[in-house]
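Report on the structure
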Amino acid sequence: MADPQTAANGLSALLGELAAFGLAIGFSPLHIGLLLLLLLGPKPLQRGGWFVAGWLATAALAVTLLLTVGHGLLLTMDKGTSHRTGLDLLAAGALLGLGLKELLTKEEEGAAPPGWTRKLDQFCAMPLPLLLAISAALEVASPDDLILFAKTAGSLLAANLGRGTEVLATGVFSLVSASLLLVPLLALLLAGPERILPLLERGKQWLFAKGDLLVGLVSVALAVYLGWQGIEGLMLA
């Protein structure tokens, strides 16, 4: 039987890793920009609330489906196994490529707003159900996010948690992934539009100017971490 302190430390390390993956997925300038535009438009709390709820449901469903597949195939995701090492190295390569692309593109564009910002008004003009469907698809469609969802499920499989603890950890991951969306929504709800709307407008301008740069830096940092995990796995194999 595992020592209680060791088990607690292992769970804390797992939750820290899940939080890092969740924040990396959640730092999506496109989704944050969409939410800010929704909060600056008509029916902000209703439309923004559904948007955040859709993100939470999509994140939880994606991890749950991957866990179901992993349990069904009896995949072993312990460090040093071929599945774990291959996923770590694949994730590191994909994130490094994404990070360098974002950094180089930002350098070429200079002070000009990124191309994706010109599509946000079109998205916001869509009916809410269609917007939520497109948002969910974009949340899981990019290769880097898919890899991070797979890494999240892999970490949960490797921890060999009970069903209840696994569900709780999935919920924590989903909440953390939505934290950057929840902050402006809750701020508007608690402080009111008079105080918050000017801050949201400034936040939108800052996001358009710096979002891609931060995505690049976060991606490179995660690539270094996962690359090191993959190298450790090769050494243990």
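What this report covers is the structure whose coordinates are included nearby. (Residues numbered from 1 in each chain as written. Predicted model: local features only at pLDDT ≥ 70, side-chain atom pairs only at ≥ 80, totals over all residues. Heavy atoms only, no water.)

**Topic: unusual backbone geometry**
In this model, Lys43 sits at a positive phi of 45°, which is unusual for a non-glycine residue. Within the secondary structure layout, Lys43 lies in the loop between helix 2 (29-39) and helix 3 (44-73). On the basis of relative accessibility, which here comes to 57%, the residue Lys43 falls in the exposed class. A positive phi angle, near 55°, is found at Asn160, a position not held by glycine. (Helix = DSSP H or I, 4+ residues; strand = E, 2+ residues; numbered from the N terminus. Buried < 20%, exposed > 50% of the residue type's maximum accessible area, 1.4 Å probe, protein only.)

**Examining the pattern of salt bridges**
One pass over the full model with this rule turns up 2 salt bridges. Between Glu166 and Arg163 there is a salt bridge, with the nearest N and O atoms lying 3.2 Å from each other. Highlighted residues: Glu166 and Arg163, both in helix 8 (residues 163-177), separated by 3 residues, approximately one helical turn. On the basis of relative accessibility, which here comes to 3%, the residue Glu166 falls in the buried class. In this structure, Lys204 and Glu201 form a salt bridge, with 3.3 Å as the shortest nitrogen-oxygen distance. Highlighted residues: Lys204 and Glu201, both in helix 10 (residues 193-236), separated by 3 residues, approximately one helical turn. With relative accessibility at 30%, the residue Glu201 sits in the partly exposed group. (Salt bridge = Lys/Arg side-chain N within 4 Å of Asp/Glu carboxyl O.)

**Looking at the packing of helix 2 against helix 10**
When two helices pack together, their arrangement is given by the angle between the helix axes and by the axis-to-axis distance. Between helix 2 and helix 10, whose axes approach to 10 Å, the crossing angle comes to 170°. By the criterion of interaxial angle, the relationship of helix 2 to helix 10 is roughly antiparallel. Crossing of helix 2 against helix 10: the hand is left-handed. Counting all contacts with helix 2, which are made through Pro29, Ile32, Gly33, Leu36, Leu37 and Leu39, the residues of helix 10 involved are Leu197, Leu200, Gly203, Lys204, Leu207, Gly211, Asp212 and Val215. For the contact of helix 2 with helix 10, the per-class residue count stands at 9 nonpolar, 3 polar and 2 charged. (Axes fitted to C-alpha atoms, helices over the stretch in contact; angles between N-to-C directions. Parallel < 35°, antiparallel > 145°, perpendicular 65-115°, else oblique. Left-handed = near helix turned anticlockwise from the far one by under 90°. Contact = heavy atoms within 4.5 Å. Nonpolar A, V, L, I, M, F, W, Y, C, P; charged D, E, K, R; others polar.)

**Here we look at a nonpolar patch on the surface**
On the surface, Leu89, Trp228, Ile231, Leu234 and Met235 cluster together into a nonpolar patch covering about 540 Å² of accessible area. When residues in the nonpolar patch are grouped by element, the largest group, 4 residues, is from helix 10. Position of Met235 among the secondary structure elements: in helix 10. (Patch = residues over 30% accessible without salt bridge, like charges linked within 9 Å, V, L, I, M, F, W, Y side chains within 5 Å. Areas by Shrake-Rupley, 256 points an atom, 1.4 Å probe, with all protein chains shown as cover.)

**Quick notes on the packing of aromatic side chains**
Within the structure shown, the criterion is met by 1 aromatic pair. Each ring, one from Phe149 and one from Phe173, has its centre 6.0 Å from the other, and the planes form 75°; the classification is edge-to-face. Of this pair, Phe149 sits in helix 7 (residues 143-159) while Phe173 sits in helix 8, and the two are 24 residues apart along the sequence. Accessibility classification places Phe149 together with Phe173 in one group, the buried group. (Phe/Tyr/Trp six-rings, centres within 6.5 Å; stacked < 30°, edge-to-face > 60°.)

**Quick look at the packing of helix 2 against helix 6 (residues 128-141)**
Two elements in contact, helix 2 and helix 6, have axes whose closest approach is 11 Å; the angle formed by their N-to-C orientations is 160°. The angle between helix 2 and helix 6 places the two elements in the roughly antiparallel class. The interaxial crossing formed by helix 2 with helix 6 has left-handed handedness. In contact with Leu30, His31, Leu34 and Leu38 of helix 2, helix 6 contributes Leu131, Ser135, Leu138 and Glu139. Its residues assigned to classes, the contact of helix 2 with helix 6 comprises 5 nonpolar, 2 polar and 1 charged.

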